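A structural walkthrough
The chain contents come next:
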Amino acid sequence: LWEEVLKLSEVKFSPQIVNTWLKPLKILDMRGDLITIEAPNRFYKNWVEDKYLETLKKIFLEEYNIQSEIQIVIGSSTQSYREQPQDQTVKAQNTILNNSTNLNKQYTFDNFVVGSSNQFPHAAALAVAEGYFQTYNPLFIYGGVGLGKTHLMHAIGNKILEKFPKLKILYISSEAFTNEMIYALKSKTMDIFREKYRNIDLLLFDDVQFLAGKTRSTEEFFYTFNSLYDMQKQIVLTSDKEPNEIPDLEERLRSRFSWGLVADIQPPSVDEKVAIILKRSEIMNIYVSNEVAHFLAENLKGDNIRDLIGALIRLNAFSTFHNEPITIELAKKALEKFIIKKDIIVTPEAVINAVCSYFNVKQQEIKSKNRSRVISYPRQVAMYILREKLNLPLQDIANIFGGRNHSTVLHSIKEIQNRMQSDQELKSVINTIIRNIYK
Ligand code: ADP
Ligand code: MG
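Residues numbered from 1 in each chain as written. Chains lettered and ligands numbered in written order. Predicted model: local features only at pLDDT ≥ 70, side-chain atom pairs only at ≥ 80, totals over all residues. Heavy atoms only, no water.

**Observations regarding the overall build of the protein**
Of regular secondary structure, the protein possesses 21 helices and eight strands. For the protein, the C-alpha radius of gyration of 31 Å lies well beyond 22 Å, the compact-globule estimate for 439 residues. Of all 439 residues assigned to the protein, the portion counted as buried reaches 44%. A separation threshold of at least 6 residues defines the contact pool for the protein, and within that pool the share at least 24 residues apart is 71%. Surface exposure of the protein reaches about 23,400 Å², of which carbon and sulfur atoms provide 49%. (Helix = DSSP H or I, 4+ residues; strand = E, 2+ residues; numbered from the N terminus. Rg over C-alpha atoms; globule rule 2.2 N^0.38 Å. Buried < 20%, exposed > 50% of the residue type's maximum accessible area, 1.4 Å probe, protein only. Contact = heavy atoms within 4.5 Å. Areas by Shrake-Rupley, 256 points an atom, 1.4 Å probe, with all protein chains shown as cover.)

Have a look at this one:
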C-alpha cells in the first residue's frame, strides 16, 4: 500500500521529496482512524510531520476515502536510508545502453480478458506473437485511453520472448524514444542510438500519436521504421486514433502505418467489465463476489479499464484498512466519488405524494371527484407535473384520478400552463414540488 501511496504522492510532491523523505517511511499499522507510520530517525519524523503530514492525510482521504490521523513513530526496523535518488542523466544513459526489453511481465495474454470489444486486436496480437511475422506488419492497434493497448503490446513481447529468448525485443513509448533521442543528440551518441534501434527484431512502439509535431523524432522514427521494415522485422504500434486521424503527423509516416493491419479496440461492455474485475481480483489474490463485480461494472463512471482496476485497488485498500470484507456496502463507501449517481426513477405515486404533502391534502381527496378549489387546484398541478415531467399519457393520468375523461385532464393541464405564463408564484410552487420529488 505504501508503494501505491508513494506513487499517488508524486502528483502532490516533487519526485525529490518523494524519494528523499517519503520512500524511507513505512506503514506499521492502520487501524480504525489511526495510521501509524515508521520513520528511520527523529530527523525524518520531525521533517515529515512539519511539512508533509497534512498532504499525506489528504491523499488517504481523497484516494482511499480513509479519514484518519497519522502518527509517526521512530522505528528500529527501518534500516538507515542512505541511497541517493538516481541521477536523471545516469538513468537516461542506462536506458540507451542496456539491452533490456522494457517488458512488463504482468501484461500477458493469460491476464487479458477477451470479449467482443477487443476480440479483433487480441486475435491480431496473438497471431503476431505466434510468429506470423510480416503477415501483419506493422500491426497498428488504436483506441481510447485505458482500454488495453499497452497490455496487448507487452503480451506480444512476453510471448515471443518466451519462445525465442534470443530475439531482440524492445518496448518503448514514443515519449521515451524522443527523450532518448534528445539525450543522444546532446551527448553526441546518435550512432549508438541508431545502432540500438536498427538492431531490433520486434519493436513495440507505444502511443505513436505523441510523435505528432515533433519533427526531429518523427524523422528519426521514420528511418527506424523503414530500416526495420526493410529487414522484415516486426513492428507493433499503438495510438489513440487511427493512422489517418493523427493530426500533425507526416503523411509518409501515416501511410506506412496502414501497410499492415489496423485493429481498433473498443470500450468494454458491462459483462466484459465484470470478467476483468474478477480476473484482476484473482491476480491480486483478493475475494470479490460476482455480486460486487456486477455492482462495480454497472456503477463505476466511465469505460476506462485502468480506472476500473484503480477502483478495485482502492476498494481493496479500504477493505484492508477497515478490516471489513469487500461487499457492495463497502464499495459504496470506498468509491463514493467514482460511482454514477443514477437518475432517480420517478413514479406517479411519488409525484402525487409530493403534491399532497405540499398542499396538505389527502391522496383519496386528490384522486376523488371533489371539485372544491382546495382539492381541484392541487389535482391540476399534479396532472401537469405527471404530463410535463413524466410524459405520462393523458389516459393514464385520467385513470389515476378516478377514471376521468381524458379531455378533462387536458383542460386542467392547459389551465396550469396558461397560468404559469404570468404567475411567478405558481412557477416556484411547481419547482419546489419537483425538487421535493427528487429528494
Ligand atoms: P491503454 O494502453 O489502452 O491506455 P492499458 O493497456 O495500459 O491501456 O490498460 C490499462 C489497464 O487495464 C492495465 O492495467 C491493463 O492490464 C488493464 N486491462 C486493459 N484491458 C484489459 C483486458 N481486456 N483484460 C484485463 N486487463 C485489461
Ligand atoms: Mg497505453
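Next, the rest of the story.
**Considering the sheet that holds strand E5 (residues 169–173)**
An order of E5-E6-E7-E4-E8 is seen for the five strands of this open sheet, with the pairing classed as parallel. Edge positions in the sheet fall to E5 and strand E8 (261–265), since each of these pairs with one other strand and no more. The mean inter-strand angle of the sheet, taken between neighbouring strand axes irrespective of direction, is 15 degrees. Here strand E6 (residues 202–206) runs beside strand E7 (residues 234–239); their pairing, made up of four bridges, is parallel. (Pairing = 2+ DSSP bridges. Axes fitted to C-alpha atoms, helices over the stretch in contact; angles between N-to-C directions.)

**Quick look at the environment of Ala-123**
On the secondary structure map, Ala-123 appears in helix H6 (residues 119–129). A relative accessible area of 42% means that Ala-123 is categorised as partly exposed. On a C-alpha basis, the gap between Ala-123 and Ala-263 in space is 9.6 Å, while along the polypeptide they are 140 residues apart.

**Details of the site of ligand 1**
The environment of ligand 1 is made up of 18 residues, and the closest members are Val-113, Gly-146, Lys-149, Thr-150 and His-151. Between ligand 1 and Thr-150, the relevant distance is 2.7 Å, taken from an oxygen atom to a side-chain nitrogen or oxygen of the residue. One of the side-chain nitrogen or oxygen atoms of His-151 is found 2.6 Å away from an oxygen atom of ligand 1. Contact with the protein chains hides 94% of the accessible area of ligand 1, taken as 560 Å² for the molecule alone. Each of domain 2 (98–265) and domain 3 (270–338) contributes no fewer than three residues to the shell around ligand 1. (Near = heavy atom within 4 Å. Polar contact = N/O pair within 3.5 Å; in protein donor to acceptor, adjacent residues only side chain to side chain. Domains from an automatic or database assignment.)

**Thoughts on helix H18 (residues 373–388)**
Compared with an ideal rise of 1.5 Å per residue, which puts 16 residues at 22 Å, H18 spans 22 Å between its outermost C-alpha atoms and is within 8% of the ideal. Buried residues dominate H18, accounting for 12 of its 16 residues. Within H18, burial applies to Ile-375, Ser-376, Tyr-377, Pro-378, Arg-379, Gln-380, Val-381, Ala-382, Met-383, Tyr-384, Ile-385 and Leu-386. Its buried side turned inward, H18 meets helix H16 (348–359), helix H17 (363–367), helix H19 (394–400), helix H20 (406–422) and helix H21 (424–438). (Expected span 1.5 Å × (residues − 1).)

**Re the nonpolar core**
Membership of the largest hydrophobic core comes to 46 residues, with the highest contact counts inside it found for Leu-22, Leu-296, Leu-315 and Leu-335. Considering every element that reaches this core, the biggest residue donor is helix H14 (residues 305–322), with seven residues. Summarising the domain contributions, this core has at least three residues from each of domain 1 (2–74) and domain 3 (270–338). Discounting chain neighbours no more than four positions away, the residues touching Leu-296 are Ile-277, Leu-312, Leu-315, Ala-331 and Leu-335. One finds Cys-356, Ile-375, Leu-426 and Ile-434 within the second-largest nonpolar core, a separate group that totals 31 residues. (Core = buried A, V, L, I, M, F, W, Y, C linked by side-chain atoms within 4.5 Å.)

**Regarding helix H10 (residues 215–230)**
The end-to-end C-alpha distance of H10 is 22 Å, a good match for the 22 Å that 16 residues give at a rise of 1.5 Å each. For H10, the set of buried residues is Ser-217, Thr-218, Glu-220, Phe-221, Phe-222, Thr-224, Phe-225, Asn-226, Ser-227 and Leu-228. Along its buried surface, H10 packs onto helix H8 (174–186), helix H9 (190–197), E6, E7 and helix H11 (251–257).

**A closer look at the pattern of salt bridges**
Evaluated as defined, the whole model comprises 15 salt bridges. Linking Glu-349 and Lys-367 is a salt bridge whose minimum nitrogen-to-oxygen distance equals 3.6 Å. Note that Glu-349 is positioned in helix H16 and Lys-367 in helix H17, a separation of 18 residues in sequence. For Lys-367, a relative accessible area of 27% puts it in the partly exposed group. Bridged by salt links that share partners, the residues Arg-194, Arg-198, Arg-216 and Glu-220 form one connected network. (Salt bridge = Lys/Arg side-chain N within 4 Å of Asp/Glu carboxyl O.)

**Focus on the packing of helix H1 (residues 2–12) against helix H4 (residues 53–64)**
For the pair H1 and H4, interaxial distance at closest approach is 10 Å and the crossing angle is 105 degrees. Between H1 and H4, the angle is such that the two are roughly perpendicular. Every residue of H4 that contacts H1 at Trp-2, Glu-4, Val-5, Leu-8, Ser-9 and Lys-12 is listed here: Thr-55, Leu-56, Lys-58, Ile-59, Phe-60, Glu-62, Glu-63 and Tyr-64. Partitioned by chemical class, the residues of the contact of H1 with H4 number seven nonpolar, two polar and five charged. (Parallel < 35°, antiparallel > 145°, perpendicular 65-115°, else oblique. Nonpolar A, V, L, I, M, F, W, Y, C, P; charged D, E, K, R; others polar.)

**Things to note about the confidence of the model for the protein**
Confidence in the prediction for the protein averages 87 pLDDT; 92% of positions are at 70 or higher. A low-confidence stretch, residues 78–99 stays under pLDDT 50, and its non-local contacts, those more than four residues away or across chains, total 23 contacts. (pLDDT = per-residue confidence, 0-100.)

**As for the packing of aromatic side chains**
Counted by the stated rule, this structure contains 21 aromatic pairs. Between Phe-359 and Tyr-377, the aromatic rings sit 5.6 Å apart at their centres with planes inclined by 70 degrees, giving edge-to-face as the arrangement. Of this pair, Phe-359 sits in helix H16 while Tyr-377 sits in helix H18, and the two are 18 residues apart along the sequence. Members of the aromatic cluster, each reached through a chain of ring pairs, are Phe-140, Tyr-142, Phe-177, Phe-193, Tyr-197, Phe-205, Phe-221, Phe-225, Tyr-229, Phe-257 and Trp-259. Above the ring of Trp-47, the side-chain terminus of Lys-51 is found at 4.4 Å from the ring centroid. (Phe/Tyr/Trp six-rings, centres within 6.5 Å; stacked < 30°, edge-to-face > 60°. Lys NZ or Arg CZ within 6 Å of the ring centre and 35° of its normal.)

**Some remarks on the side chain of Asn-158**
Its location among the elements puts Asn-158 in helix H7 (residues 149–163). Here Asn-158 falls in the buried class, since its relative accessible area comes to 13%. Excluding residues that lie within four positions of it along the chain, Asn-158 makes contacts with Leu-103, Asn-104, Lys-105, Tyr-107 and Thr-108.

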